[in-house]
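Chain and residue survey
Spelled out, the chains give:
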Amino acid sequence: SANFHKLNSVSKAYSDYVSGAYNVRILQWNILSQALGVMNDNFARCPDSALDWNFRRYRIVEEIVQYCPDVICLQEVDHFNFLKHVLGTQGYEGMFFPKPDSPCFYIEGNNGPDGCAIFYRKNKFDLVKNENKVLEIWRIQSNQVAVMAVLRIRETGQEVCVVTTHLKAREGALLSTLRNEQGKDLLQFIGYNCGNRPIILCGDFNAEPTEPVYETILNSMDFSSAYASCNVADLRSADREPPYTTWKIREEGEVCHTIDYIFYSRDAMEVEAVLDFPSGEDIGQDRVPSYLYPSDHFSLVCDFRLTNT
Ligand code: NDP
Ligand code: CA
């Protein structure tokens, strides 16, 4: 059921995929914090047993490893040690940075704070450096974070800067302003630490393409949005994004919109393929999470080819 939307050149089937020295396959996913998913989200149509950690954790791992990503960027990670252990057996090394005052802390039986994580394939990359950041709004620390990994492709020596974040949630004019401020601080952090390396910036931005932070990022450096790049070219980027990256039913109603992105340096790389999301029919009327889909967000997967190398 998983399909790669193939562009220019055609990448190998995902099941036996081994990326070349000039390629990077990245997976971006808000995996849904275990504590928040069970106690906070109030998913109206998701059976409790589908959220049981002893079941759900293997669905999360399956979802990740089936695509053989070179780099994995995750948000709402509140079981980093489990992922580190299991993904470690699959050849990945990882890093994690928690939110300073994670809402998980306020949940009974929590497993510690949630935060952002990056994993990379050990036989493909060396870690050059890891930087973490508490994002600031008007010079004051917020409760949102970013994680950066500068990775060197062993075969070519080429370095890539991977950054992931999870911006402030919820709707409203003030909140969209706060997200935009977090976006600006994130760009400054990237400017300080990435140098002139190609950049992949992905995450749960909690912002639809119409929000200021989306433009702020696209107007900065030479960023393009990977999924938008794969759509008809004669529309502006915001109109080329997919119709949804999350689709859930809470007590308050159904939510289906696009808030997760993979941005990349268009001067340094090209998008070869992106993974299509499951259709409404695929996921069913109760939407996600479900037994089949362990998070309320879908995983974004993108194949990049490094150019100018
Ligand atoms: P955010 O606004 O960033 O949201 C935190 C989480 O809530 C996100 O993971 C988000 O998921 C999820 N979320 C978004 N919308 C909903 C919804 N409608 N229902 C349930 N969950 C939702 O919050 P902050 O991290 O900035 O935390 C705010 C502050 O609240 C913290 O500093 C903490 O001190 C405080 N807090 C206090 C609690 C208490 O009991 N005293 C409880 C919880 C928080 P997604 O990104 O996928 O939308
Ligand atoms: Ca969430």
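Okay, so let's go over this structure. Each chain has its residues counted from 1, following the order in which its sequence is written. A letter from A marks each chain and a number from 1 marks each ligand, given out in the order of writing. Only residues with pLDDT of at least 70 get local features here, since the model is predicted, and only at 80 or more are side-chain atom pairs given and counted; chain-wide, interface and lining totals rely on the full set of residues. No hydrogens and no water enter the side-chain calculation; it runs on all heavy atoms of the structure.

What follows deals with the coordination of the calcium ion (ligand 2). Counted as coordinating are nitrogen, oxygen and sulfur atoms within 2.8 Å of the metal, or 3.2 Å for Na, K and Ca, while water is not included, which may make sites look incomplete. For the calcium ion (ligand 2), the full set of protein donor atoms is Glu76 (OE) and Glu76 (OE), and the range of their distances to it is 2.1 to 3.1 Å. The secondary structure listing takes helices from DSSP runs of H or I that are at least 4 residues long and strands from runs of E that are at least 2 residues long, numbered from the N terminus. With respect to the element layout, glutamate 76 can be found in strand S3 (residues 71-77).

Turning to the site of ligand 1, a few remarks are in order. Any residue with a heavy atom positioned within 4 Å of a molecule or strand is treated as near that molecule or strand. What surrounds ligand 1 is a group of 20 residues, the closest being Lys99, Asp101, Gln144, His166 and Asn206. For this analysis, a polar contact is any N or O atom pair within 3.5 Å, provided that within protein one partner can donate a hydrogen and the other can accept it, and provided that sequence-adjacent residues contribute only side-chain to side-chain pairs. Between glutamine 144 and ligand 1, the recorded distance is 2.8 Å, taken from a side-chain N or O atom to an oxygen atom. Each accessible area is a Shrake-Rupley estimate made with a 1.4 Å probe; only the visible protein chains count as cover when residues are assessed. Surface burial for ligand 1 is 73%, taken as the share of its 930 Å² of free accessible area covered by protein chains. Tallied by class, residues from the shell around ligand 1 come to 4 nonpolar, 7 polar and 9 charged. The classification used treats Ala, Val, Leu, Ile, Met, Phe, Trp, Tyr, Cys and Pro as nonpolar, Asp, Glu, Lys and Arg as charged, and all other residues, Gly among them, as polar.

Let us look at the pairing of strand S5 (residues 115-121). Each residue is assigned to one of three classes by its accessible area relative to the maximum for its type, calculated with a 1.4 Å probe on protein chains only: buried under 20%, partly exposed between the two thresholds, exposed over 50%. The element S5 is largely enclosed, with a buried count of 7 among its 7 residues. We treat two strands as partners when DSSP finds at least two bridges between them. Two elements, S3 and S5, share 5 bridges in a ladder whose sense is antiparallel. Of the residues in S5, the one forming a bridge with leucine 74 is alanine 117. Alignment of strand S4 (residues 92-98) against S5, held across 7 bridges, turns out to be antiparallel. Bridging across to S5, phenylalanine 96 finds its partner in alanine 117.

We now examine the state of the cysteines. Note on disulfides: each one is a pair of cysteine sulfur atoms within 2.5 Å. The tally for this structure, following the rule as stated, stands at 1 disulfide. Between the sulfur of cysteine 161 and that of cysteine 194 lies a disulfide, 2.1 Å long from S to S. As the torsion about the S-S bond is roughly -45°, the cysteine 161-cysteine 194 disulfide counts as left-handed. Placement of cysteine 161 in strand S8 (residues 159-166) and of cysteine 194 in helix H4 (residues 173-194) is noted, with a sequence separation of 33 residues between them. Cysteine cysteine 256 remains unbridged, with the sulfur of cysteine 46 as its closest cysteine sulfur at 17 Å. Relative accessible area serves as the criterion here: at 36%, cysteine 256 is assigned to the partly exposed category. Among the cysteines around cysteine 302, which has no disulfide bond, cysteine 230 carries the closest sulfur, lying 6.3 Å off. On the basis of relative accessibility, which here comes to 0%, the residue cysteine 302 falls in the buried class.

The next subject is the pattern of salt bridges. One speaks of a salt bridge when a side-chain nitrogen belonging to Lys or Arg is within 4 Å of a carboxyl oxygen belonging to Asp or Glu. Per the stated rule, a full pass over the model turns up 19 salt bridges. Here glutamate 254 ties to arginine 287 by a salt bridge, and the two come within 3.0 Å at their closest N and O atoms. With glutamate 254 in strand S12 (residues 253-257) and arginine 287 in the loop between helix H8 (280-283) and strand S15 (300-306), this pair connects stretches of sequence that are 33 residues apart. We classify glutamate 254 as partly exposed; its relative accessible area is 46%.

Further remarks concern the pairing of strand S14 (residues 269-275). When you tally the buried positions in S14, you get 6 out of 7 residues, the bulk of the element. The sheet contact formed by S14 and S15 spans 5 bridges and is antiparallel. Pairing of glutamate 270 across the sheet is with arginine 305, part of S15.

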